[in-house]
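Next come the chains, spelled out residue by residue.
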Amino acid sequence: MSFLMSVLKQYDLVTEKLKLDDGIRERLRYPKRSLIVSIPIRMDTGKMKVFMGYRVQHDVTLGPSKGGIRYHPNVNLEEVSALAMLMSWKCALMELPYGGAKGGVCCNPREMSEKEIECLTRRFTTEIIWAIGPQQDIPAPDMNTNMQTMAWMMDTYSMQKGNTVLGVVTGKPLVLGGSLGREEGTGRGVYYMVEESVQVIGKELKGLKVAIQGFGNVASTAARLLFEKGCKVVAVSNSKGGIYNQNGINVKNLLHYAKENKTISGFPDVDTITNEDLLTVDCDVLIPAAIEGQITKFNAADIKAKIIVEGANGPTTPEADAILTSRDVFLVPDILANSGGVVISYFEWVQDLQFYFWTENEVLNRLKNIMTNVFNRVLLLSQERKVDMRTTAWMLGINRVSEAQKARGLFP
Ligand code: GLU
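The sections below set out a description of the structure shown in this document. Because the structure is a prediction, the values reported are computed rather than measured.

## Focus on the site of the ligand
Lining the immediate environment of the ligand, one finds 14 residues, of which Lys 66, Lys 90, Pro 141, Asp 142 and Ser 345 sit closest. Measuring from an oxygen atom of the ligand, one finds a side-chain N or O atom of Lys 90 at 2.6 Å. In this structure, Ser 345 approaches the ligand through a side-chain N or O atom, which is 2.5 Å from an oxygen atom. Relative to its free-state accessible area of 290 Å², the ligand is covered by the protein chains to the extent of 95%. Within the residue set of the shell around the ligand, elements represented by two or more residues are strand E3 (65-72), helix H3 (77-93), strand E5 (137-141) and helix H12 (340-354).

Now the structure itself:
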C-alpha cells in the first residue's frame, strides 16, 4: 500500500468514527491545490538537468497553509499530498492558525554540489512564487533541507517582491528573522513527549533504554537530550543502517564523530544492525525518526518497546497500528510527537510579522506548555473514549478544521 493510500485509509477510519458530515468528509479527502513544476538548472558539468518539484496545499480553512519542503529521490506528488494532509491535522491539533501544506523536489542532494542545490532552490521558489507568501503558504525545512535552504528561498522571494519579507518561510538563520530554538524544535518536542509518556507508564527517564531510527536533525537532537537525562540510547541509524550497543551509546561522542566523519558508520564499540533490526531491538522506547512506512504488519508484533514516539511523519502503517494497539503499546502519533518544529515555526512567523524577537527561554517554555497541554488532552480523551492516541489526535485535528469549515460556510 502506498503512503498516500495508508494516510487515506486512516482518514476514512477516523472520519467514520467522527460521523463527519459527508460533504466536508469528501472535501477534506482531497487537497485544495496541487502544484507540479519542472525545474531546469545548469549542473556543474555545464549540462542542463530538469527536476520535478511539488507543492500541495491540502487545506487553508484555518489560515495560511504551512509545511516543509523535502529534497529526496522518492519525492512525488502522492507522497507530498499525504504529508500535506498530515500537516493539516497537525496544525489543527496544535491549535495553530494554519492549514497544511508540503512540498518537495525529486532529487538526490547527496550527489549535488552546494551551488547546484542553491540553483535548484532558487528556481523552485520562483516556480511556486505566486502560491507562497506570509499570508498564503509558508514553507519550512524538512528532510534534507535546512536553514541555508530557507535563507535562499527567503532571498529569492524577497528579490522578486522588491523588499525583504521575513515571514515567507520559517526555519531561517537567526540573522534573517529565524527563531531561537527552531533548529532543534522538532527533536526537543520529541524529547518532551518521551518525558510525558514515561510518566504514563510509571517509569523514569534515568536508565531507560531508547532505540532511535535515524540520526538526522530530529533523531540526533532527541538522542542528545535523552542521553543528557541519563537514558541509554542503545541504537541509532542512517539510511544505510544502524549502530547498536545494549549498554548505551555515548551520544556526545557520536555527535562529535558524526560531525568529523559526516557519517555514523565506523563509530567504535558498537555492533552494526539494519534499519529493520533496529525497530525490534530490546528497548523501552522506540523513536522512529527517519522516513514513512517503517513499522508495518511484518514487524509490529516483534517490537519490544512499550512506548513509541513518532519523530518521523507517517512511520507506522494502519495495519501495524492495529497490532500495536492490541498489544497495548503506548504510541504518541507523529502529528503530536513531531509538532515541535511547526509550533516553533509558528513562533518564528509571529515574531517576523511583529519584528519583535523572543528569548530562547520564552520560546522553549511556550513550546513545552503547548505540547504537554495537547498531550494531556489527547491522553485524557483517548482514555475516556477508549480509542488509541492516534485516532484521538486525528479526531481533534479533523474536528477543528471541520468546525471552521461549518462556521465559514460554502462559497459562493
Ligand atoms: N517539516 C516539519 C514538519 O513536518 C516542519 C514544518 C513547518 O515548520 O512548517 O512538521
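## Observations regarding the packing of aromatic side chains
Tallied over the entire structure, the rule returns ten aromatic pairs. Here the aromatic rings of Tyr 346 and Phe 347 are separated by 6.0 Å at their centres, their planes lie at 45 degrees, and the arrangement is tilted. When its relative accessible area of 3% is taken as the criterion, Phe 347 is described as buried. Above the ring of Trp 358, the side-chain terminus of Arg 366 is found at 4.1 Å from the ring centroid.

## Thoughts on helix H5 (residues 147-161)
Taking 1.5 Å as the rise per residue, H5 with 15 residues should run 21 Å; its terminal C-alpha atoms sit 21 Å apart, in good agreement. All buried positions along H5 are accounted for by Thr 149, Met 150, Ala 151, Trp 152, Met 153, Met 154, Thr 156, Tyr 157 and Ser 158. If you follow the buried residues of H5, they end up packed against E3, helix H4 (114-127) and E5. Looking one or two residues past H5, Gly 162 carries a phi angle of roughly 90 degrees, positive in sign.

## Considering the sheet that holds strand E4 (residues 99-106)
Within the open sheet, the five strands sit side by side as E1-E2-E4-E3-E5. Their pairing is mixed. For this open sheet the edge positions go to strand E1 (33-42) and E5, each flanked by a neighbour on one side alone. Direction aside, the axes of adjacent strands within the sheet are offset by 25 degrees on average. In this fold H3 packs onto E1, strand E2 (48-57), E3 and E4, with an angle of close to 150 degrees to the strand it touches most, E4. The strands that H4 touches are E1, E2, E3 and E4; relative to E1, the one it contacts most, it runs at about 140 degrees.

## Looking at the sheet that holds strand E8 (residues 241-244)
Within the open sheet, the seven strands sit side by side as E9-E8-E7-E6-E10-E11-E12. Their pairing is mixed. Both outer strands of the open sheet, strand E9 (271-273) and strand E12 (330-332), are each paired with one neighbouring strand and no more. Between one strand and the next, the sheet's axes are offset by a mean angle of 20 degrees, whatever the strand orientation. Where strand E7 (residues 232-238) meets E8, four bridges bridge the pair, whose relative direction is antiparallel.

## A few points about the pairing of strand E10 (residues 285-288)
A regular strand places its side chains on the two faces of the sheet in alternate fashion. Here E10 shows a buried face lined by Val 285 and Ile 287 and a second buried face lined by Leu 286 and Pro 288. Bridging between strand E6 (residues 209-213) and E10 involves four bridges; their strand directions are parallel. If you follow Ile 212 over to E10, its bridge partner there is Ile 287. Here E10 runs beside strand E11 (residues 307-309); their pairing, made up of two bridges, is parallel. In the sheet register, Val 285 faces E11, and the bridge partner there is Ile 307.

## Let's talk about the pairing of E3
Across the eight residues that make up E3, a large majority, eight, are buried. Pairing of E3 with E4, which is carried by six bridges, proceeds in the parallel orientation. Opposite Ser 65, over in E4, you have Gly 99 as the bridge partner. Traced from E3 through H3 to E4, the parallel crossover comes out right-handed. Pairing of E3 with E5 involves five bridges; the strand directions are parallel. Bridge pairing in E5 links Ser 65 to Asp 137.

Cut-off values and rules
- Residues numbered from 1 in each chain as written.
- Predicted model: local features only at pLDDT ≥ 70, side-chain atom pairs only at ≥ 80, totals over all residues.
- Heavy atoms only, no water.
- Near = heavy atom within 4 Å.
- Polar contact = N/O pair within 3.5 Å; in protein donor to acceptor, adjacent residues only side chain to side chain.
- Areas by Shrake-Rupley, 256 points an atom, 1.4 Å probe, with all protein chains shown as cover.
- Helix = DSSP H or I, 4+ residues; strand = E, 2+ residues; numbered from the N terminus.
- Phe/Tyr/Trp six-rings, centres within 6.5 Å; stacked < 30°, edge-to-face > 60°.
- Buried < 20%, exposed > 50% of the residue type's maximum accessible area, 1.4 Å probe, protein only.
- Lys NZ or Arg CZ within 6 Å of the ring centre and 35° of its normal.
- Expected span 1.5 Å × (residues − 1).
- Contact = heavy atoms within 4.5 Å.
- Pairing = 2+ DSSP bridges.
- Axes fitted to C-alpha atoms, helices over the stretch in contact; angles between N-to-C directions.
- Right-handed = clockwise from strand over helix to strand, strands pointing away.

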